[in-house]
Amino acid sequence: MRDLKIPEQRHPEKAHRPDNAQPKKPSWIRVKAPGGEGYNETRRIMREHKLVTVCEEAGCPNAGECWGQGHATMMIMGDICTRGCTFCNIATGRPDTLDAFEPGRVADAVQKLGLNHVVITSVDRDDLDDGGAEHFAQTIRAVRHRSPGTTIEILTPDFLKCAPSALETVVAARPDVFNHNLETVPGLYPEVRPGARYFHSLRLLQRVKEIDPAIFTKSGIMAGLGEDRQSVLQVMDDMRAADVDFLTIGQYLQPTPKHHAVDRFVTPEEFASYEKAAFGKGFLMVSATPLTRSSYHAGDDFARLRANRDAKLAKA
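The structure presented is a predicted model; accordingly, all values stated were derived computationally and were not measured. (Residues numbered from 1 in each chain as written. Predicted model: local features only at pLDDT ≥ 70, side-chain atom pairs only at ≥ 80, totals over all residues. Heavy atoms only, no water.)

**Examining the side chain of Asn-181**
Of note, Asn-181 is situated in the loop between strand 7 (177–179) and helix 8 (189–192). Among the residues examined, Asn-181 registers a relative accessible area of 7% and is labelled buried. Within polar-contact distance, the side chain of Asn-181 engages the backbone nitrogen of Gly-220 at 2.8 Å. Filtering out sequence-adjacent residues up to four positions away, Asn-181 remains in contact with Leu-155, Arg-193, Ser-219, Gly-220 and Ser-294. (Helix = DSSP H or I, 4+ residues; strand = E, 2+ residues; numbered from the N terminus. Buried < 20%, exposed > 50% of the residue type's maximum accessible area, 1.4 Å probe, protein only. Polar contact = N/O pair within 3.5 Å; in protein donor to acceptor, adjacent residues only side chain to side chain. Contact = heavy atoms within 4.5 Å.)

As structure tokens, this is what we get:
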């Protein structure tokens, strides 16, 4: 049996990579250690329902804050990914078979946590014909049935090896927000995201809008992987051409010495300039800070996203 707490077994594809130095984090990156009553209660509910969270698996720095407020991003279809992206801390390997009861457990946890907005993500499942699309759809429907007032945001894989019907299955379940992260600029894909294709991911987001224009689309990238400002601005233009509504940009943090090196720590001022540029390009909502992650403050951001669209339509 693999022990996913041991780095060599968690990331066998990275075991023979040379170590990359992990630079000291600047003051604006440091966060408090998780704890407190709210955090412990959220953790208890996750364990009670045997649910995996990307907060833990990816080592998110905001886990203490979010869990303390009862917010957690559910990660469905297991905790082992079929891809081996060099930035990611989620375990790589051959996943287990799908759990048919998982959608119901997710829905029950959402109800017990009293969530107004939930984010559901997954590992990549290249071993499945539909990439897990039907499982996503079942989970969305289960949450809708149990908590009809809860808005649902999904963060999906790219369905790269699937028929077009896979994406159509997910969109037909009508999530409120469809998020798929581009993660980085196209020039860094061979090193950072070797199993993915930049223009496929971009086209995926565009197709969501073509299938159902009412669904908000969202995507994000990391800063500090080796990109330059001009390439980030080009990604913004590409996203807007694909009609993406919401952009997130956050600082890349290196999980272990075997992962992709941090090229630099981007200052809060530079993030603010990215946010200003993105709003100028027409995004309805932008979150660009060192600690921004896909689901960080997702509920509050969704409310602003919806209000911004309403305001834009009122002016039209």
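**Observations regarding the nonpolar core**
Residues Met-74 and Ile-120 are the most contacted members of the largest nonpolar core, which totals 39 residues. Elements with a contribution of two residues or more to this core: helix 2 (37–48), strand 2 (74–76), helix 5 (102–113), strand 5 (117–122), helix 6 (133–146), strand 6 (151–155), helix 7 (165–172) and helix 9 (198–211). Among the elements that take part in this core, helix 6 stands out by supplying six residues, more than any other. Met-74 has contacts with Met-46, Leu-51, Val-52, Val-106, Ala-109, Val-110, Leu-113, Val-118, Val-119, Ile-120 and Thr-121, leaving out every residue within four places of it along the chain. (Core = buried A, V, L, I, M, F, W, Y, C linked by side-chain atoms within 4.5 Å.)

**Examining the packing of aromatic side chains**
Taken as a whole, this structure holds three aromatic pairs when the rule is applied. Here Tyr-198 and Phe-199 contribute two aromatic rings whose centre-to-centre distance is 4.9 Å and whose plane-to-plane angle is 85 degrees, an arrangement assigned as edge-to-face. Residue classification places Tyr-198 among the buried residues on the basis of a relative accessible area of 5%. Summarising the aromatic geometry, the rings of Phe-216 and Phe-302 are spaced 5.8 Å apart at their centres and angled 90 degrees between planes, so their arrangement reads as edge-to-face. In this pair, Phe-216 is assigned in strand 8 (residues 216–223) and Phe-302 in helix 12 (residues 298–315), connecting sequence segments 86 residues apart. Comparing Phe-216 with Phe-302 shows no difference in burial state: the two are buried. Over the face of the ring belonging to Phe-283 we find Arg-240, whose NZ or CZ atom lies 5.5 Å from the ring centre. We note Arg-309 situated over the ring of Phe-216; from NZ or CZ to the ring centre the distance is 3.8 Å. (Phe/Tyr/Trp six-rings, centres within 6.5 Å; stacked < 30°, edge-to-face > 60°. Lys NZ or Arg CZ within 6 Å of the ring centre and 35° of its normal.)

**Describing the pattern of salt bridges**
Tallied over the entire structure, the rule returns 23 salt bridges. Note that Arg-264 and Glu-270 form a salt bridge whose closest N and O atoms lie 2.8 Å from each other. Classification of Arg-264 by relative accessible area gives partly exposed; the value is 31%. (Salt bridge = Lys/Arg side-chain N within 4 Å of Asp/Glu carboxyl O.)

**Observations regarding unusual backbone geometry**
Although it is not a glycine, Met-77 sits at a positive phi angle of roughly 70 degrees. Despite not being glycine, Asp-243 has its phi angle at roughly 65 degrees, a positive value. By secondary structure assignment, the location of Asp-243 is in the loop between helix 10 (229–241) and strand 9 (246–251). The class of Asp-243 is partly exposed, set by a relative accessible area of 37%.

**Here's the deal with the sheet that holds strand 6**
Here eight strands make up an open sheet; going across it, the order is 1-2-5-6-7-8-9-10 and the pairing mixed. Among the strands making up the open sheet, the edge pair consists of strand 1 (52–53) and strand 10 (285–288). Relative to strand 8, helix 9 is tilted by about 165 degrees, and along the sheet it contacts strand 7 and strand 8. Running over the sheet, helix 11 (residues 268–280) touches strand 8, strand 9 and strand 10 and is turned about 165 degrees from strand 10. (Pairing = 2+ DSSP bridges. Axes fitted to C-alpha atoms, helices over the stretch in contact; angles between N-to-C directions.)

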